[in-house]
Amino acid sequence: MKHALLLALCFGSVLLAAEAPKAEPKITAEQRAKFWRAQTEAIAAQAQAQNTRAMFDAVRAELAKACGDLPLVADEAGEPACGKKKVEPKK
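Residues numbered from 1 in each chain as written. Predicted model: local features only at pLDDT ≥ 70, side-chain atom pairs only at ≥ 80, totals over all residues. Heavy atoms only, no water.

**Examining the packing of aromatic side chains**
And step 1. Scanning the model with the defined rule gives one aromatic pair in all.
And step 2. When the centroid spacing of 4.9 Å and the interplanar angle of 75° are considered together, the rings of Phe 35 and Trp 36 count as edge-to-face.
And step 3. For Phe 35, a relative accessible area of 47% corresponds to the partly exposed category. (Phe/Tyr/Trp six-rings, centres within 6.5 Å; stacked < 30°, edge-to-face > 60°. Buried < 20%, exposed > 50% of the residue type's maximum accessible area, 1.4 Å probe, protein only.)

**What about the state of the cysteines?**
And step 1. Counted according to the given criterion, the structure contains one disulfide.
And step 2. Disulfide partner of Cys 67: Cys 82, at an S-S distance of 2.0 Å. Between Cys 67 and Cys 82, the S-S torsion sits near -90°, and that sign places the bridge as left-handed. Of this pair, Cys 67 sits in helix α2 (residues 29-67) while Cys 82 sits in strand β2 (residues 80-82); the two residues are 15 residues apart in sequence, bridging distant segments of the chain. (Disulfide = S-S within 2.5 Å. Helix = DSSP H or I, 4+ residues; strand = E, 2+ residues; numbered from the N terminus.)

**A closer look at the pattern of salt bridges**
And step 1. On inspection of all chains with the given rule, the structure shows two salt bridges.
And step 2. In this structure, Asp 57 engages Arg 53 in a salt bridge whose closest nitrogen and oxygen atoms are separated by 3.4 Å. Pair noted here: Asp 57 and Arg 53 are both in helix α2, with a separation of four residues, about one helical turn.
And step 3. Taking the shortest distance from any N to any O, the salt bridge between Asp 57 and Arg 60 comes out at 3.0 Å. Taken together, the residues Asp 57 and Arg 60, both in helix α2 and three residues apart, mark about one turn of the helix.
And step 4. Salt bridges here are not isolated pairs; linked through shared partners, they connect Arg 53, Asp 57 and Arg 60. (Salt bridge = Lys/Arg side-chain N within 4 Å of Asp/Glu carboxyl O.)

**Regarding the environment of Leu 72**
And step 1. In this structure, Leu 72 sits in strand β1 (residues 72-74).
And step 2. The spacing of Leu 72 and Arg 60 is twelve residues in sequence and 8.5 Å in space, taken between C-alpha atoms.
And step 3. Each residue touching Leu 72, except ones within four places of it in the same chain, is listed here: Arg 60, Leu 63, Ala 64, Cys 67, Pro 80 and Ala 81. (Contact = heavy atoms within 4.5 Å.)

**Here's the deal with α2**
In an α-helix there are 3.6 residues to a turn, and that puts residues three or four apart on one side.
And step 1. Look at α2: 57 Å from first C-alpha to last across 39 residues, which is about the 57 Å you get at 1.5 Å a residue.
And step 2. Two residues or fewer past α2, Gly 68 is found with a positive phi of approximately 65°. (Expected span 1.5 Å × (residues − 1).)

**A closer look at the confidence of the model for the chain**
Predicted coordinates in areas of low pLDDT are best not read in detail.
And step 1. Of all residues in the chain, 74% have pLDDT values of 70 or greater, and the mean over the chain is 84.
And step 2. Looking over the chain, one finds the lowest element-wise mean pLDDT in helix α1 (residues 2-19), namely 57, and the highest in α2, namely 97. (pLDDT = per-residue confidence, 0-100.)

In structure tokens, the structure reads:
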């Protein structure tokens, strides 16, 4: 019983595949153009993000330098501020 069902499924799918020829996928010129535009924009956005990150890191280092030994923190309003000196717990 299992073999008959398996054979029917195998031969049935072979017959269906033979009856319906598959069309070759085609990429249109418009789709290619969209791809290249999107890729160019993605590369430009990545470069901009790297530049922005470098600028942010430089500003953060400048703020940390201004605070000296105090940690750079955000105040209640979310503005950068110099925090309080950390107190080492006594052992």
